Amino acid sequence: MKTTYRAMQISSPGILELVERPTPQPGHGEVLIEVEACGICGADAADIEDADPTLQPPRVPGHEVVGRIVALGTGVASIWKMGQRVRIGRLAGHCNECVPCRRGRFELCLNQSSVGADCDGGYAEMMLARSTGLVSIPDDLAAESAAPILCAGLATFNALKKSGAQAGDTVVILGVGGLGHMALQYARKMGYLVVAVGRGSDIAEDALALGAHHYIDTRQEDAAAKLQAMGGAQVIVSTISHAEAVAALMKSLAPQGRLVVLGVDKDPLPVSRGHLVIGERSVMGSLTGTPYDNERALNFSVLADVRPLIETMPLERANEAYQRMKSGDVKFRMVLIMDRSRKSA
Ligand SMILES: [Zn+2]
Ligand SMILES: [Zn+2]
């Protein structure tokens, strides 16, 4: 194995720099992963812009990581082998000791870091990972396709499963971006009547091609009124951060309908309590999920032929790739690819 590896670390808030670092040894319960691909998620923006400038060495962002195990630490479960293809997502691996872990709710573990925020992530040729956070990757999935499924895919797959929607129900996907373009595909394959709600007509064709039965352009139409005329939404999955747009659409929830919130920002969500109580409507948040949930999402993606639409760039162009993600122009997910010929040298 090479004694050094290349990484894009956060040199100052908002700026990434290419560095060469010594290859680390995995500690107890850890593995070393040779990274093949790493998706650039909307959540990376907070990690990169709000990075602690005093941290040494600076943080390496990225939490949609696919690669191979190249070194095993002590105390790693025997299911993980040298050379195995794995991924690590936002949740860095659970402790197996806290109360949520003992309840089997590993995604709620109290001693779990966020990859790319509290520990180094995958904008790098190598990364250390806690083995409890690992997910096994099916061989039929290319690394660059698997990477976004691990965060955008899992988040939306689990949100739809937790939403309580039944086959044939009207499910609204609010926002047609990195998360939304996965949610539309899953929702269609799960058998719902799928309505995409977005801003502008330029995205309509994409939304329909991805699986929406209907597209509503909020610049042209009152989306809540149109959905009410269609009988109301059983579920709204919100992938956007703009609180007022989410609140406006809530009026379209059918009795016992549910709003599932994935997109976040700092603003509170204004909700009519009467609207909740009188129709027994509810609002829930949904996190990504456990490694087991992730394997389910990956397997369903293979089974139902759901794939992210991606653009790729090499690791050393991470600044440019990150800026393109922030501009909102990427269709629909930007993925960094490592130069494998370099690593095997
Ligand atoms: Zn993410
Ligand atoms: Zn725990």
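Keep in mind that this is a model prediction, so the values were computed, not measured.

Visitor: What should I look at first to understand the coordination of the zinc ion (ligand 1) in this one?
Guide: Reference geometry at the metal: tetrahedral coordination by four donors gives ideal angles of 109.5 degrees; octahedral coordination by six donors gives 90 or 180 degrees. Only Cys 41 (SG), His 63 (NE2) and Cys 151 (SG) from the protein coordinate the zinc ion (ligand 1), and they sit 2.0 to 2.2 Å from it. Look at where the donors of the zinc ion (ligand 1) fall in the sequence and you get C-x21-H-x87-C. On the criterion of sequence distance, the pair formed by Cys 41 in the loop between strand E3 (30-40) and helix H1 (44-49) and His 63 in the loop between H1 and strand E4 (64-72) is long-range, its members being 22 residues apart. Its relative accessible area of 1% is what places His 63 among the buried residues.

Visitor: Got a minute to help me understand the coordination of the zinc ion (ligand 2) in this structure?
Guide: The coordination sphere of the zinc ion (ligand 2) contains the protein donors Cys 95 (SG), Cys 98 (SG), Cys 101 (SG) and Cys 109 (SG), at a distance range of 2.3 to 2.4 Å. Because the angles between the four donor atoms bound to the zinc ion (ligand 2) fall within 104 to 118 degrees, the donor set is best described as tetrahedral. Read in sequence order, the donor residues for the zinc ion (ligand 2) give the motif C-x2-C-x2-C-x7-C. Here Cys 95 and Cys 98 have matching classes, each one buried.

Visitor: Quick question: what am I supposed to make of the packing of aromatic side chains here?
Guide: Remark: the centre distance and the inter-plane angle together describe each pair of aromatic rings, the angle taken between the planes. Enumeration according to the criterion identifies three aromatic pairs in this entry. Put simply, the rings of Phe 157, Tyr 186 and Phe 300 pair up and form one aromatic cluster.

Definitions and cut-offs
- Residues numbered from 1 in each chain as written.
- Chains lettered and ligands numbered in written order.
- Predicted model: local features only at pLDDT ≥ 70, side-chain atom pairs only at ≥ 80, totals over all residues.
- Heavy atoms only, no water.
- Donors = N, O, S within 2.8 Å, 3.2 Å for Na, K, Ca; no water.
- Helix = DSSP H or I, 4+ residues; strand = E, 2+ residues; numbered from the N terminus.
- Buried < 20%, exposed > 50% of the residue type's maximum accessible area, 1.4 Å probe, protein only.
- Tetrahedral: all angles 85-135°; square planar, octahedral: opposite > 155°, others 65-115°.
- Phe/Tyr/Trp six-rings, centres within 6.5 Å; stacked < 30°, edge-to-face > 60°.

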